[in-house]
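Each chain is listed here by its residues.
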Amino acid sequence: MVNTKSAKKRIIISKNKNIINRIKKSIIKTYIKKLKVYINKKDKLKCIEIYRVLQSILDRFSCKGYIHINKISRYKSNLSKLINNLN
C-alpha cells in the first residue's frame, strides 16, 4: 500500500512504460521472425526488404533508449550474416 501521492503516480508511470517497452520489443521480435521465415525460404530480395525496415526500427529504438545499442548491433550483425550467406 502506497502512502504518498508521488508513489501512486510512479506506480502508474512504471506500468505505462512497461506496456510501451513490451510493445517495442514485440515489434522487433515480430520482424526478426518474419525475416527468418524468408531466410529459410531463401528469398534474398524479400529478406533485404524486411531487413531495411527492421534496421531503421532498431536504430530508432536504440536512440530512444528502449533497447541497448550493443544488443541492437548484435541483432543487425547476426541477421546481416544470415542474409549474406544466402545464395
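Residues numbered from 1 in each chain as written. Predicted model: local features only at pLDDT ≥ 70, side-chain atom pairs only at ≥ 80, totals over all residues. Heavy atoms only, no water.

Focus: a nonpolar patch on the surface
Then step 1. Together, Ile19, Ile23 and Ile27 make up a nonpolar patch on the protein surface, roughly 230 Å² of accessible area in all.
Then step 2. Looking at the element boundaries, isoleucine 27 is found in helix α1 (residues 5–41).
Then step 3. Using a relative accessible area of 31% as the deciding quantity, one classes isoleucine 27 as partly exposed. (Patch = residues over 30% accessible without salt bridge, like charges linked within 9 Å, V, L, I, M, F, W, Y side chains within 5 Å. Areas by Shrake-Rupley, 256 points an atom, 1.4 Å probe, with all protein chains shown as cover. Salt bridge = Lys/Arg side-chain N within 4 Å of Asp/Glu carboxyl O. Helix = DSSP H or I, 4+ residues; strand = E, 2+ residues; numbered from the N terminus. Buried < 20%, exposed > 50% of the residue type's maximum accessible area, 1.4 Å probe, protein only.)

A word on the pattern of salt bridges
Then step 1. Counted according to the given criterion, the structure contains two salt bridges.
Then step 2. In this structure, glutamate 49 engages lysine 46 in a salt bridge whose closest nitrogen and oxygen atoms are separated by 3.8 Å. Within this pair, glutamate 49 and its partner lysine 46 are both found in helix α2 (residues 44–64), separated by three residues, close to a single helical turn.
Then step 3. Owing to a relative accessible area of 29%, lysine 46 belongs among the partly exposed residues under this scheme.
Then step 4. Between lysine 76 and aspartate 59 there is a salt bridge, with its nearest N and O atoms 2.7 Å apart. Residue lysine 76 is located in helix α3 (residues 69–84), and its partner aspartate 59 is located in helix α2; the two are separated by 17 residues in the primary sequence.
Then step 5. Taking the relative accessible area as the measure of exposure, lysine 76 reaches 18% and is therefore buried.

Nothing here speaks to function; it is geometry throughout.
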